[in-house]
Amino acid sequence: MWLGFFIVCFAVIILLRLLRADKSMSREYDERQLESRGRAYRVGFLSTATINIAAAVAMFGDVVPLQYGPFIMEASAFIGITVFAVMTICSDSYFGKINQIKRYPVLLLIIIAVNGAALVKGTESWAPENLLTTPAANQLLLILTFSVILIAVVWKMWKERNEEDEE
């Protein structure tokens, strides 16, 4: 029990150190970035709304069992967040004018690892019907969401590095 407590405290300290922003680096967005963020908000919201409507219709029509309803609704929210994050990362409007993208892979890996550990520890059965109807579904969604965001961040860093090498 105490080991878990100290691991959580250690993870929180690392997260706070990674998230601590230098006061001289404010997050400002230019007009193009604000427009990109607005577009990403709309697409993320529409993704969530579309999945919710489709899931409700599928459950009403007995295509999807009702027991999966809460998972599908939570998944739609995570999908909307993921769509927003990936769109803004790819359009250079996620990190503001001052690019601190190098801090994020470590932070994302910590989030994925902590949720992965919670998923492994808290899961009794790996059968889909168990994973999608228990609290393990939250960890599964978090792992998937932050893994996709991590891929987008690493891709963006790789793309920027290649562009610097070409210059």
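Quick summary incoming for the structure in this document.

Rules used in this analysis
Residues numbered from 1 in each chain as written. Predicted model: local features only at pLDDT ≥ 70, side-chain atom pairs only at ≥ 80, totals over all residues. Heavy atoms only, no water. Salt bridge = Lys/Arg side-chain N within 4 Å of Asp/Glu carboxyl O. Helix = DSSP H or I, 4+ residues; strand = E, 2+ residues; numbered from the N terminus. Buried < 20%, exposed > 50% of the residue type's maximum accessible area, 1.4 Å probe, protein only. Polar contact = N/O pair within 3.5 Å; in protein donor to acceptor, adjacent residues only side chain to side chain. Axes fitted to C-alpha atoms, helices over the stretch in contact; angles between N-to-C directions. Parallel < 35°, antiparallel > 145°, perpendicular 65-115°, else oblique. Left-handed = near helix turned anticlockwise from the far one by under 90°. Core = buried A, V, L, I, M, F, W, Y, C linked by side-chain atoms within 4.5 Å.

### Here's the deal with the pattern of salt bridges
And then number 1: In this structure the tally under the stated criterion is 1 salt bridge.
And then number 2: When the shortest N-O distance is used, the salt bridge between Glu 35 and Arg 39 registers 3.4 Å. Of this pair, Glu 35 and Arg 39 both sit in helix H2 (residues 31–60), 4 residues apart, roughly one helical turn.

### Some details on the side chain of Thr 88
And then number 1: Among the structural elements, Thr 88 can be located in helix H3 (residues 69–90).
And then number 2: Owing to a relative accessible area of 0%, Thr 88 belongs among the buried residues under this scheme.
And then number 3: At a separation of 2.9 Å, a polar atom in the side chain of Thr 88 contacts the main-chain carbonyl oxygen of Phe 84.

### A short note on the packing of H2 against H3
And then number 1: H3 packs onto H2 with a crossing angle of 160° between their chain directions and a minimal axis gap of 8 Å. Relative to H3, H2 is oriented roughly antiparallel. Once H2 is placed against H3, the crossing between them reads as right-handed.

### Considering the nonpolar core
And then number 1: By size, the foremost hydrophobic cluster in this structure holds 14 residues, and its most contacted members are Ile 89, Leu 108, Ile 149 and Val 153.
And then number 2: Of all hydrophobic cores here, the second largest spans 5 residues; its members include Phe 71, Ala 75, Phe 78 and Leu 141.

Scope: geometric values only; no functional claims are made or implied.
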